[in-house]
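Listed below, chain by chain, are the residues.
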Amino acid sequence: MSEEVNPFESLQEQVDDAAVHLDVDPGTLERLKNPERVLETTLSVEMDDGSTDVFRAYRSQFNGARGPYKGGIRYHPQVSRDEVKALSGWMVYKCAVVDIPYGGGKGGIVIDPDDYSESELERVTRSFATELRPFIGEDKDIPAPDVNTGRREMNWIKDTYETLENTTEPGVITGKAPDSGGSAGRVEATGRSVMLSAREAFDYLGKQTDGATVAVQGYGNAGSVAAKLLEDLGASVVAVSDSSGAAYDPDGLDTRAIKERKSETGDVTDYDTPETLTNEELLTLDVDLLVPAALENAIDGDLAEDVQADVIVEAANGPLTPDADDVLTDRNVRVLPDILANAGGVTVSYFEWVQNRQRFYWDEERVNEELETVIVDAFDDLTETFENRDLPNFRTAAYVLAIERVLTASEQGGTWP
Ligand code: GLU
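Residues numbered from 1 in each chain as written. Predicted model: local features only at pLDDT ≥ 70, side-chain atom pairs only at ≥ 80, totals over all residues. Heavy atoms only, no water.

Draft legend 1. Just the overall build of the protein chain, in detail. Scanning the protein chain for helices and strands turns up 15 helices and twelve strands. Along the first, second and third principal axes, the C-alpha atoms of the protein chain reach 55 × 55 × 45 Å. Sorting the 417 residues of the protein chain into buried and exposed places 59% on the buried side. Of the contacts formed within the protein chain by residues at least 6 apart in sequence, a portion of 69% connects residues at least 24 apart. (Helix = DSSP H or I, 4+ residues; strand = E, 2+ residues; numbered from the N terminus. Buried < 20%, exposed > 50% of the residue type's maximum accessible area, 1.4 Å probe, protein only. Contact = heavy atoms within 4.5 Å.)

Draft legend 2. The sheet that holds strand S4 (residues 104-110), seen in detail. Strand order across the open sheet formed by five strands is S1-S2-S4-S3-S5, with mixed pairing between neighbours. Whereas interior strands pair on both sides, the edge strands pair on one side only; in this sheet they are strand S1 (37-46) and strand S5 (141-145). Neighbour-to-neighbour, the strand axes of this sheet turn through a mean angle of 20 degrees, independent of strand direction. Where strand S2 (residues 52-63) lies against S4, six bridges are found, and the strand directions are antiparallel. When the sheet's bridge partners are listed, Tyr-58 is paired in S4 with Gly-108. On the sheet, helix H4 (residues 118-132) packs against S1, S2, strand S3 (69-76) and S4 and is oriented at approximately 140 degrees with respect to S1. (Pairing = 2+ DSSP bridges. Axes fitted to C-alpha atoms, helices over the stretch in contact; angles between N-to-C directions.)

Draft legend 3. The arrangement of the packing of aromatic side chains in detail. All chains considered together, the criterion is met by ten aromatic pairs. A centroid spacing of 5.4 Å and a plane angle of 70 degrees characterise the contact between Phe-55 and Tyr-116, whose relative ring orientation is edge-to-face. Here Phe-55, found in strand S2, pairs with Tyr-116, found in the loop between S4 and H4; they are 61 residues apart in sequence, far enough to count as distant. Tyr-116 gets classed as partly exposed once you look at its relative accessible area, which sits at 21%. Between Tyr-204 and Phe-394 the ring centres are 6.0 Å apart and the planes differ by 65 degrees, which places this aromatic pair in the edge-to-face class. In this pair, Tyr-204 sits in helix H6 (residues 186-204) while Phe-394 sits in helix H15 (residues 394-413), placing the two residues 190 residues apart along the sequence. Here Tyr-204 falls in the partly exposed class, since its relative accessible area comes to 30%. Since its relative accessible area comes to 2%, Phe-394 is described here as buried. Through a chain of ring-to-ring contacts, the aromatic side chains of Tyr-102, Tyr-350, Phe-351, Trp-353 and Trp-362 assemble into a single cluster. If you follow Lys-85 out to its NZ or CZ, it ends over the ring of Phe-8, 4.4 Å from the centre. When the ring centre of Trp-362 is taken as reference, the NZ or CZ atom of Arg-366 above it lies at 3.9 Å. (Phe/Tyr/Trp six-rings, centres within 6.5 Å; stacked < 30°, edge-to-face > 60°. Lys NZ or Arg CZ within 6 Å of the ring centre and 35° of its normal.)

Draft legend 4. Geometry of the environment of Tyr-248. Note on placement: Tyr-248 falls in strand S8 (residues 245-248). Given the relative accessible area of 16%, Tyr-248 is considered buried. Counting along the chain gives 198 residues from Tyr-248 to Gly-50, while the straight-line C-alpha distance between them is 45 Å. Among all residues touching Tyr-248, those that are not within four sequence positions of it are Val-238, Ala-239, Leu-253, Thr-273, Pro-274, Glu-275, Leu-277 and Leu-285.

Draft legend 5. Expanded view of the site of the ligand. The local shell around the ligand holds 14 residues, among which Lys-70, Lys-94, Pro-145, Asp-146 and Ser-349 are the closest. Between an oxygen atom of the ligand and a side-chain N or O atom of Lys-70, the distance comes to 2.8 Å. Contacts to the ligand include Asn-317, whose side-chain N or O atom sits 3.1 Å from an oxygen atom. In isolation the ligand offers 300 Å² of accessible surface; the protein chains occlude 95% of this area. Among the residues making up the shell around the ligand, the classes are represented as four nonpolar, five polar and five charged. (Near = heavy atom within 4 Å. Polar contact = N/O pair within 3.5 Å; in protein donor to acceptor, adjacent residues only side chain to side chain. Areas by Shrake-Rupley, 256 points an atom, 1.4 Å probe, with all protein chains shown as cover. Nonpolar A, V, L, I, M, F, W, Y, C, P; charged D, E, K, R; others polar.)

Draft legend 6. Representation of the pairing of S8 in the model. Direction of pairing for strand S7 (residues 236-242) relative to S8: antiparallel, over a ladder of four bridges. Considered in S8, the bridge of Ala-239 is made with Tyr-248. Two successive antiparallel strands, S7 and S8, enclose a turn made up of two residues.

Draft legend 7. Quick look at the environment of Trp-353. Inspection of the secondary structure assignment puts Trp-353 in helix H13 (residues 344-358). For the pair Trp-353 and Val-172, spaced 181 residues apart in sequence, the C-alpha separation works out to 8.0 Å. When residues no more than four places from it in sequence are discounted, the contact partners of Trp-353 are Pro-68, Tyr-102, Glu-138, Asp-139, Ile-142, Gly-171 and Thr-174.

Draft legend 8. Region of the structure containing the packing of H6 against helix H14 (residues 364-388). It is the contact of H6 with H14, at a shortest axis distance of 10 Å, that shows an interaxial angle of 45 degrees. Classified by the interaxial angle, the pair formed by H6 and H14 is oblique. As H6 packs across H14, the resulting crossing turns out to be right-handed. Across the interface between the two elements, Ala-189, Arg-192, Ser-193, Leu-196, Ser-197, Arg-199, Glu-200, Ala-201 and Tyr-204 of H6 pack against Asn-368, Leu-371, Glu-372, Ile-375, Val-376, Phe-379, Thr-383, Phe-386 and Glu-387 of H14. Of the residues belonging to the contact of H6 with H14, the class tally is nine nonpolar, four polar and five charged. (Parallel < 35°, antiparallel > 145°, perpendicular 65-115°, else oblique. Left-handed = near helix turned anticlockwise from the far one by under 90°.)

Draft legend 9. Local environment of the pattern of salt bridges. Applying the stated criterion to the full structure yields 34 salt bridges. Of the charged contacts, one joins Asp-159 and Arg-126 as a salt bridge, the two residues approaching to 2.9 Å between their closest N and O atoms. Residue Asp-159 is found in helix H5 (residues 151-165), and its partner Arg-126 is found in helix H4; the two are separated by 33 residues along the sequence. The class of Arg-126 is partly exposed, set by a relative accessible area of 25%. Notably, a salt bridge pairs Glu-372 with Arg-199, separated by 3.0 Å at the nearest N-O pair. In this pair, Glu-372 is assigned in helix H14 and Arg-199 in helix H6, connecting sequence segments 173 residues apart. When its relative accessible area of 32% is taken as the criterion, Glu-372 is described as partly exposed. Judged by its relative accessible area of 25%, Arg-199 falls in the partly exposed class. Residues joined by salt bridges that share partners form a network here, namely Arg-74, Glu-83, Lys-106, Asp-146 and Glu-296. (Salt bridge = Lys/Arg side-chain N within 4 Å of Asp/Glu carboxyl O.)

These figures capture arrangement, not role.
This is the structure we're talking about:
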């Protein structure tokens, strides 16, 4: 992993690359590359032993032209102001690519959740929710899960917000447990859109998913669900990894059994496979499809030279550096960008928010059908843009499409004051 690449600079470069193909004046371009505001806060939280620990936390609201800010909150030691800014920008363009009525935001706490008890994590989360309270709301900014957060944290945030506001407003946050207003299908949604994007991309490129070999880097929620659904499509998932390394079987792995083993022991490499690999070896395997599903900067320009996959579908946010993109474009490796491929999460968050506001809940079949429509339509819009504008790769096509939608909304709003 290339530590030195700043994800915020990557986002800005991606927007610049697309702007070359658009008629955007320099002032507007600057707005498209910078957040509207960033909250930086310091949380003081009592630990179980009575001591106080201090945590840095952020929420970036990047652009609200198309609707309330929307995006997850991550808990990770690597969280930084620039990372959160980048992730919030990616949310703007992600929501625009799939054409859901949101702007983009993102939050994070600098913390390794493994080092804290559940009650400590609850106090950390409630403290952050208290700081966020003036800035969030179902028509303002709607957080959601991200790396190392899920239903439990979302339920705590909802409860803190509703208690302080003395109201019932489940749509203030998405990714909740079903009994607290969560949507059917939300947990699987990110992995499902990765599978749908891979299926559409293979179809577009005249390749078969049935029998295709797949490697998945990262076996959290997005990676493990994508692997399972790709296996259900008939693909052979030959390698999956986490921070412990990669489990590898050239004849194909049982993705569900590995997930079960990982939830018992914490590591995919505890599953009995013929071979284990390093993450780097997994990323350079000769497979039909590579799915990076961990963190940013998994593949840099150097590693991209050794990638042997034909197609990459990005389940993580920002797993390729701009240098990697250049190398892979030159080498004709097709990359389905994060802002389409992992947009299933925020799309089903949107469905959750709609259901919360209507107090009317859908079954999982309906959620999955509506998600499929959104992703397939977005894929078609992306490939149409790619072909009609003669663009270098799918990422630039996705940004051209998204930026045009954001600009249209801004222009319709005019300039004020
Ligand atoms: N954290 C997810 C993402 O990066 C989901 C965001 C959401 O549901 O708002 O897209």
